[in-house]
Amino acid sequence: MKKNLIFSALSILFLWLVWIIAYDAVRNDYLLPSFWETFRAMGKLFADGSFWSAFFGTFLRTVISFLIAFMLGAAFAALSCLHGGVRAFLSPLVSVLRTVPTMAVILILLLWTNAFVAPVIVTLLVIFPALYSAMLASIDEVRGEYGALAQAFGVPAGRRLFSMYLPLCAPNVLSQAGGILSMGLKITVSGEVLSQTYRSLGGMMQNAQLFLEMPTLLALTVLVVVLGFLLEGLGLLFKKILIRWRT
Amino acid sequence: MILRSVKKTYGEKVALDIPQLEIEPDKITAVLGESGAGKTTLLNVIAGALPFEGSVEGVGKVSYLFQSPTLLPNLTVEGNLRFVLPKEEWEKIPSMLEKIGLAGRGSSRPRELSGGEKQRVAIARAFLYPHDVLLMDEPFSSLDLSLKKSLLSLTAELWRPRRETVVFVTHDVHEAAVLAHRALVLKEGVILTDLPIAGELARDFFSRSAEEETLVRALTGEEFS
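Residues numbered from 1 in each chain as written. Chains lettered and ligands numbered in written order. Predicted model: local features only at pLDDT ≥ 70, side-chain atom pairs only at ≥ 80, totals over all residues. Heavy atoms only, no water.

Q: Please clarify how the sheet that holds strand β4 (residues 53–57) of chain B should be interpreted in this entry.
A: Strand pairing in a sheet relies on backbone hydrogen bonds. The paired strands run either parallel or antiparallel. Residue and element names in this part refer to chain B. Strand order in this open sheet of 3 strands is β2-β1-β4, and the pairing throughout is antiparallel. Each of the sheet's edge strands pairs with one partner strand only, and the pair in question is β2 (13–22) and β4. Averaged over all adjacent pairs, the angle separating strand axes in this sheet is 20 degrees, with direction ignored. Two strands pair when backbone bridges link them, and strand β1 (residues 2–10) and β2 are joined in this way by 8 bridges, in the antiparallel orientation. Directly across from K8, in β2, lies its bridge partner L16. (Pairing = 2+ DSSP bridges. Helix = DSSP H or I, 4+ residues; strand = E, 2+ residues; numbered from the N terminus. Axes fitted to C-alpha atoms, helices over the stretch in contact; angles between N-to-C directions.)

This is the structure:
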């Protein structure tokens, strides 16, 4: 465990070194700002109130998309398990959602909705298949392992749900939920960039690029990456708190 | 329990073909046979878990003892028993845990139990569940000899007070000879032999060698009775 932490720290150090070496090779602040310049830009962002409202706006849009996708994923996965027809009906739809280009969806959604709603919907459409598939796979696994037992002893549906399916599916789903939430953040930011959403991290990135504020653009990128890590960690933390029977 | 004109086919293949079979109450009936002989199909037919031709009468409520303990890892020992039992049966759990030698382990999780202890919980579950017929599908097949012997004894101990109808599928002749009152030998879905058994008689019929018996005694350190 300790060894793994050291390797993870080394990987971050490696990225930092690559940045420093690349900056030295390029020597052009408009193409690649220095680490320290970016660090200073980050400090300025933290002191700026509009950054925080953009930060919470983006965070809120990501979380709203995730929660809706989570509820829809759980409902449809349960229905798919109860009825093979629902599973067959959803299968091509989920495949289409997986392959459709995100940018094309955002452009279409911008015609139908507005810059605040489009990133939420596109994130929802991208992460729903991932959550649905994760939940369906978990339910199938639990049913395969313990379904015959519950069936043989005629265990009531409520007991099956609360004592078997929910607790046994939760570890797998929560393991993947953090990563999916982090992916959702990435999609939300992309949607905001294309939609030029007011008070959003994506919108701020778009502005920084327009005005060639490269340190700010890079600082915002680093902050999105850090936020993504935190969201992934949040999923693992939830898993640790909720799934005590595994430890 | 009576099976009349029971036939189960998978395409062209006849998995089970039993013109008439009466399974006596108060007895343990062993069903022996090689893989694919139709043993598990017979259990599924009795349980009504498969569509089949013919009829099975007088089954009533069925309880199961599977090959693997199949305990939910998120629940405690007591939780696993509660999971399958009607609420009115929950009060019987502590005394059953005592009988199976797991008194005070009710709050343990399955991962804290040994393989034998897990199977004990599965046996307790099968006997606690209100039933008229108990179906056992090779529950001792993956256990080592000494554990097998102790769990066979436990099963017999739990069976004696109620003497319910038990259908016990196994491929181990010796298990059948130790536990059952009657042995049915299935081959390609047909009952080849129907034999009342009592120890030596079964061993004669299935021709277990004296060397094998010596090995069994040496491995368990005790004699089977």
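Q: Teacher, can you tell me more about the packing of helix α3 (residues 49–82) of chain A against helix α9 (residues 214–242) of chain A here?
A: Residue and element names in this part refer to chain A. Where α3 contacts α9, the two axes come as close as 13 Å, and the packing angle between them is 45 degrees. In terms of their interaxial angle, α3 and α9 are classed as oblique. Judged by the sense of rotation from one axis to the other, the crossing of α3 with α9 is right-handed. Across the interface between the two elements, F51, F55 and F59 from α3 touch L220, L223, L227 and L231 from α9. Across the contact of α3 with α9, the residue classes break down as 7 nonpolar, no polar and no charged. (Parallel < 35°, antiparallel > 145°, perpendicular 65-115°, else oblique. Left-handed = near helix turned anticlockwise from the far one by under 90°. Contact = heavy atoms within 4.5 Å. Nonpolar A, V, L, I, M, F, W, Y, C, P; charged D, E, K, R; others polar.)

Q: Hey, could you run me through the interface of chain A and chain B in this one?
A: One frequent convention defines the size of an interface as the accessible area lost when the parts assemble. On the side of chain B, 20 residues touch chain A, which itself brings 18 residues to the contact. Summing both partners gives a buried area of about 1500 Å² for chain A against chain B, and 68% of it is carried by carbon and sulfur. Three residues stand out in chain A for area buried against chain B, namely A:F153, A:R159 and A:W245, and they jointly supply 46% of the buried area on that side. One can count 0 salt bridges joining chain A with chain B. At the junction of chain A and chain B, the tally comes to 5 residue pairs in polar contact (both at pLDDT 80 or more). (Buried area = accessible area lost by both parts, 1.4 Å probe. Salt bridge = Lys/Arg side-chain N within 4 Å of Asp/Glu carboxyl O. Polar contact = N/O pair within 3.5 Å; in protein donor to acceptor, adjacent residues only side chain to side chain.)

Q: Please explain the side chain of B:E164 as it appears in this structure.
A: Residue and element names in this part refer to chain B. On the secondary structure map, E164 appears in the loop between α5 (145–159) and β7 (165–169). Take E164: its relative accessible area is 5%, and that puts it in the buried class. A distance of 2.8 Å separates a polar atom in the side chain of E164 from a polar atom in the side chain of H131. When near neighbours in sequence (up to four residues on either side) are disregarded, E164 contacts D26, K27, F127, H131, D132 and W159. (Buried < 20%, exposed > 50% of the residue type's maximum accessible area, 1.4 Å probe, protein only.)

Q: Help me understand the sheet that holds strand β6 (residues 133–137) of chain B in this model?
A: All names here are of chain B. Strand order in the open sheet formed by 6 strands is β5-β6-β7-β3-β8-β9, with mixed pairing between adjacent strands. Of all the strands in the sheet, the pair left with one neighbour each is β5 (62–65) and β9 (190–196). For this sheet, the mean angle separating the axes of adjacent strands, direction not counted, is 20 degrees. Sheet analysis places strand β3 (residues 28–32) next to strand β8 (residues 182–187), joined by 4 bridges and oriented parallel. Along β8, the bridge assignment pairs T29 with R182. The strands touched by helix α1 (residues 39–47) are β3, β5, β6, β7 and β8; relative to β6, the strand with the most contacts, the crossing angle is about 155 degrees.

Q: Sorry if this is basic, but what is going on with unusual backbone geometry here?
A: Excluding glycine, most residues fall at negative phi; most peptide bonds, likewise, are trans. Not every positive phi belongs to a glycine, and A:R27 is a case in point at roughly 55 degrees. Tracing the backbone shows A:R27 in the loop between α1 (2–26) and α2 (35–47). The exposed category is assigned to A:R27, whose relative accessible area is 57%. At B:E188, a residue that is not glycine, the phi angle is positive and equals roughly 50 degrees. Mapped onto the elements of the fold, B:E188 is located in the loop between β8 and β9.

Q: Is there a simple way to explain the environment of A:M164 in this structure?
A: Mapping A:M164 onto the fold places it in helix α7 (residues 157–195). Along the backbone, A:M164 and A:E145 are 19 residues apart, and their C-alpha atoms lie at a distance of 11 Å.

Q: Explanation requested: α2(A) in the structure shown.
A: An α-helical segment advances 3.6 residues per turn. Residues three or four places apart therefore align on the same side. All names here are of chain A. Its 13 residues place the ends of α2 19 Å apart at the C-alpha level, agreeing with the 18 Å of an ideal helix rising 1.5 Å per residue. Looking at α2, one finds that the buried residues are F35, T38, A41, M42 and L45. Buried residues of α2, viewed axially, fall in a sector of 120 degrees; they line one side. For α2, the exposed residues lying more than 90 degrees away from the buried face are R40, K44 and A47. Buried residues in α2 make contact with α1, α3, α8 (201–210) and α9. (Expected span 1.5 Å × (residues − 1). Arc of directions from axis to C-beta.)

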